[in-house]
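The primary structure of each chain is shown beneath.
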Amino acid sequence: MRTAYNFGVADFIVYRSMQGLHLVDGPGPARANFHNEKEFNSIQGTNVLHLRPGLFYSNFYGAADMIRQQHIIGNNFGGKIILALSHSHDIAQVIFEALHNNNFSGKSSAYAVSAEITGYEITNILGRGTKFPDLKWIEFPDQVLSENLLKQGKTPEMAHTYNLDMGITLRNGGLLKDYFKEKQGILAGASSFEKFAEEFTEILF
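Residues numbered from 1 in each chain as written. Predicted model: local features only at pLDDT ≥ 70, side-chain atom pairs only at ≥ 80, totals over all residues. Heavy atoms only, no water.

1. Thoughts on the overall build of the protein chain
What counts, and what does not: In DSSP terms, a helix is any run of H or I states spanning at least four residues, a strand is any run of E spanning at least two, and both are numbered starting from the N terminus. Each residue is assigned to one of three classes by its accessible area relative to the maximum for its type, calculated with a 1.4 Å probe on protein chains only: buried under 20%, partly exposed between the two thresholds, exposed over 50%. By the convention used here, residues are in contact when the closest approach between their heavy atoms is within 4.5 Å. Counted as positive: Lys and Arg. Counted as negative: Asp and Glu, with His and the chain ends omitted from the count. Where a charge lies is defined by one atom per residue type, namely NZ (Lys), CZ (Arg), CG (Asp) and CD (Glu).
From N to C terminus, the protein chain includes eight helices and nine strands. With respect to the three principal axes, the spread of C-alpha positions in the protein chain is 55 × 35 × 30 Å. Taken across its 205 residues, the protein chain has 45% of its residues classed as buried. Considering only contacts within the protein chain whose residues lie at least 6 apart along the sequence, 80% involve residues at least 24 apart. Distance between charge centres in the protein chain, computed from 18 positive and 21 negative side chains, equals 2 Å.

This is the structure in structure tokens:
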């Protein structure tokens, strides 16, 4: 997503990128975003901020039926993996403030994370919020996850690119390596995952 304003002297652009951009041939959309960032950086006389959010809270809406019917949630990585997650409202606020205040210059990047949380913590919070205290995090084998995604209507390419590859890179610690190295921390005033659980409950009942 490209958002730009022209103030007569230089363009100020916020490019909503993603994490994992330290990986040249990264998983899923990280590969395209890596090259997109390079293209934006090649624009002369333009101030560009590459905003790198975590995985979106809203992704969990796709697990609503699984939670409701089977009382499980999961992916092809374990529940102890620390995830960096973001609420779309927080990202919108960061973009607005950056463009309103013009508080960046040159070519720069910043992480925009609302919560650092494990799969087990996610199940505890959603379990309480959805009144399913027995909610469990399941680490699905790659093949099982792939088969389930295909049954849901995803193409093999989409399932592999946007789900399996991302999960594998999270599993081996590669996706968030740069984020934890930078230690930029959680956004001030970010929407907590507990607050999102309240929003999530509204679609389950």
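Having seen it, we continue.
2. Notes on the sheet that holds strand β8 (residues 115-118)
For the record, the criterion: Here a strand pair is declared whenever DSSP counts at least two bridges between the two strands.
The sheet built from three strands is open, its strands ordered β4-β6-β8 with mixed pairing. Bordering the open sheet on either side are β4 (55-56) and β8, each of which pairs with just one other strand. For strand β6 (residues 82-86) and β8, the ladder comprises four bridges, and the chain directions are antiparallel. Directly across from L83, in β8, lies its bridge partner I117.

3. Focus: the packing of helix α4 (residues 119-129) against helix α8 (residues 193-204)
Put simply, the rule is: To define axes, lines are fitted to C-alpha atoms, for helices over the stretch in contact only, and angles between the resulting N-to-C directions are given on a 0 to 180 degree scale. Relative orientations are named as follows: roughly parallel for angles under 35 degrees, roughly antiparallel for angles over 145 degrees, roughly perpendicular for angles from 65 to 115 degrees, and oblique for any other angle. Left-handed describes a crossing whose near helix is turned anticlockwise from the far helix through less than a right angle; right-handed describes the clockwise counterpart. Classes in brief: Ala, Val, Leu, Ile, Met, Phe, Trp, Tyr, Cys and Pro nonpolar; Asp, Glu, Lys and Arg charged; the others, Gly included, polar.
Orientation of α4 relative to α8, taken along the N-to-C sense of each, is 45°, at an axis distance of 9 Å. Between α4 and α8, the interaxial angle falls into the category oblique. For α4 against α8, the interelement crossing comes out right-handed. Of the residues in α8, those touching α4 at I122, I125, L126 and G129 are F193, E194, A197, F200 and T201. Here the contact of α4 with α8 is built from residues that sort into six nonpolar, two polar and one charged.

Purely geometric numbers; function is a separate question.
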